[in-house]
Amino acid sequence: MKRLFKFIFITALAAMCVAPLYGQDKTIKRKVAIGRFSNETQYGKGLFYDKDNDPMRKQAMDILSAKLAASGKFILLERDDLDVLLKESGTSMNKIGADYIILGSITEFGRKDQGEHKVFSSTKTQIVEAGVSIRLVEASTGLIIYSDEGKGQAETTSKEVLGVGGSSSFDASLSDKAISAAISQLVDNIINKCMDKAWRSYILSTDDGVYIISGGASQGISSGDSFFVYKKGKVVTNPQTGLKVELPGMKIGTVSVLQTTGDTPETEISLCSYDGTAVDASALENYYISDK
């Protein structure tokens, strides 16, 4: 094991000597879990309605996932047991394995027809309106850092002249378009909120001078990258809200990435060297890694 770590040090030495701290020209992808997306409207809810298999709920989740993935700034984690994990982990949410959790709901959904009849012609306009509410939660603290609601509308018109033309039935694709339009109003703010806040990682272990931190290649981390090491600040309770607040940490050193490994975003790690004030290896939970 010691020979392996020495080999890693030697092969990465050149990169370490010239590596700057992680710059703004590179972006670390944030890990995001989408969960508890619910349909709060009464649309489509019959006698045998199953909330876990609500098609509109799944539709909204798929649209949001696609838009976040298209930005190229996120790793989306599938969490089928998210509700259970949230109940077990309380406000810390550290068991989720994500940087942020998105909780959403469809708050409004309706459709209507508008028409105009003349002597020789008639028109019919189908309109669908949707409202989507989003909450963005920071997994490490359980605090809501962004909350908003977006509204969208989609419509289509058919025309009939002298009996020729379209007497169209309801266009099911309009629901997709209306929900997509509502979510589109929120996506940019979600991206900005996630990317504006400093990225965090944690020291998992130390061995023979090598520091193992969470995160790897799929997030954009590579050999030669360097990050700051902080000792966590004191946790105090706000008497007004009753919430616990972590005070700003103290910067004590830097880690430089020697090698990344791991098969999935959840299991990826980076092997690093460390330069700075001594870290208490018996209390690694008191430290964190950041790009700012």
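Being a predicted model, the structure only gives us computed values, none of them experimental.

Novice: Tell me about the side chain of S175, residues and numbers included.
Specialist: Tracing the chain through its elements places S175 in helix α4 (residues 173–196). Looking at S175, the relative accessible area reads 13%, which means it is buried. Once you skip the residues sitting within four places of it in the chain, S175 turns out to touch Q59, F109 and V128.

Novice: Describe the packing of aromatic side chains, with residues and values.
Specialist: As enumerated under the stated definition, the model contains three aromatic pairs in all. Consider the rings of W199 and F227, whose centres lie 5.2 Å apart with planes at 55°: the pair is tilted. Note that W199 is positioned in the loop between α4 and β7 (200–201) and F227 in strand β10 (residues 226–231), a separation of 28 residues in sequence. According to the relative accessible area criterion, W199 is buried, its value standing at 2%. With a centroid separation of 5.2 Å and 5° between ring planes, the pair formed by Y230 and Y288 is classed as stacked. Taken together, the residues Y230 in strand β10 and Y288 in strand β15 (residues 287–290) connect sequence positions 58 residues apart. The burial state of Y230 is the same as that of Y288; both residues are buried. Above the plane of the ring of Y288 lies R200, whose end atom (NZ or CZ) is 3.6 Å from the centre. The cationic tip of K251 hangs over the ring face of F228; the distance from NZ or CZ to the ring centre is 4.0 Å.

Novice: I'd love a proper account of the confidence of the model for the chain, names of residues and values included.
Specialist: When pLDDT is averaged across the chain, the result is 80; 76% of the residues are at 70 or more. In the predicted structure, residues 1–20 sits below a pLDDT of 50 and forms 22 contacts with residues beyond four places in sequence or in another chain. Below pLDDT 50 for its whole length, residues 88–93 participates in 13 contacts with residues either more than four positions away or in separate chains.

Novice: Can you lay out the sheet that holds strand β14 (residues 269–276) for me, pointing to particular residues and giving the numbers?
Specialist: Paired through their backbone hydrogen bonds, the strands of a sheet run either parallel or antiparallel. Within the open sheet, the seven strands sit side by side as β7-β15-β10-β13-β14-β9-β8. Their pairing is antiparallel. A single partner strand is all that each edge strand has here, and the edge strands are β7 and β8 (203–207).

Novice: Can you tell me about the pattern of salt bridges, naming the residues and giving the values?
Specialist: Scanning the model with the defined rule gives four salt bridges in all. A salt bridge links K151 to E108; the shortest N-O distance between them is 2.4 Å. Remark: E108 occurs in strand β3 (residues 100–117) and K151 occurs in strand β5 (residues 144–161); sequence separation between them is 43 residues. Judged by relative accessible area, K151 falls into the partly exposed class, the value being 42%.

Novice: Requested: an account of the nonpolar core, with residues and values cited.
Specialist: Formed by 32 residues in total, the largest nonpolar core has its most connected members in F37, L64, L68, I102 and I179. At the level of elements, β1 (30–39), α2 (55–70), β3, β4 (121–138), β5 and α4 are the ones that each hand at least two residues to this core. Broken down by element, the residue count for this core peaks at eleven residues, all from α4. Excluding anything up to four places from it in sequence, I179 contacts M56, Q59, A60, I63, I106, F109, A130 and V132. Grouped together as the second largest cluster of nonpolar side chains are 17 residues, I28, I221, V255 and C272 included.

Novice: Explain the packing of α2 against α4 to me, and be specific about the residues and the numbers.
Specialist: Look at α2 against α4: their axes get within 9 Å of each other, and the N-to-C directions meet at 45°. Relative to α4, the element α2 is oriented oblique. For the pair α2 and α4, the sense of crossing is right-handed. Counted together, M56, Q59, A60, I63, L64, K67 and L68 of α2 and S175, D176, I179, S180, I183, S184, V187, I190 and I191 of α4 form the full contact between these two elements. Taken together, the residues of the contact of α2 with α4 break down into ten nonpolar, four polar and two charged.

Rules and cut-offs
Residues numbered from 1 in each chain as written. Predicted model: local features only at pLDDT ≥ 70, side-chain atom pairs only at ≥ 80, totals over all residues. Heavy atoms only, no water. Helix = DSSP H or I, 4+ residues; strand = E, 2+ residues; numbered from the N terminus. Buried < 20%, exposed > 50% of the residue type's maximum accessible area, 1.4 Å probe, protein only. Contact = heavy atoms within 4.5 Å. Phe/Tyr/Trp six-rings, centres within 6.5 Å; stacked < 30°, edge-to-face > 60°. Lys NZ or Arg CZ within 6 Å of the ring centre and 35° of its normal. pLDDT = per-residue confidence, 0-100. Pairing = 2+ DSSP bridges. Salt bridge = Lys/Arg side-chain N within 4 Å of Asp/Glu carboxyl O. Core = buried A, V, L, I, M, F, W, Y, C linked by side-chain atoms within 4.5 Å. Axes fitted to C-alpha atoms, helices over the stretch in contact; angles between N-to-C directions. Parallel < 35°, antiparallel > 145°, perpendicular 65-115°, else oblique. Left-handed = near helix turned anticlockwise from the far one by under 90°. Nonpolar A, V, L, I, M, F, W, Y, C, P; charged D, E, K, R; others polar.

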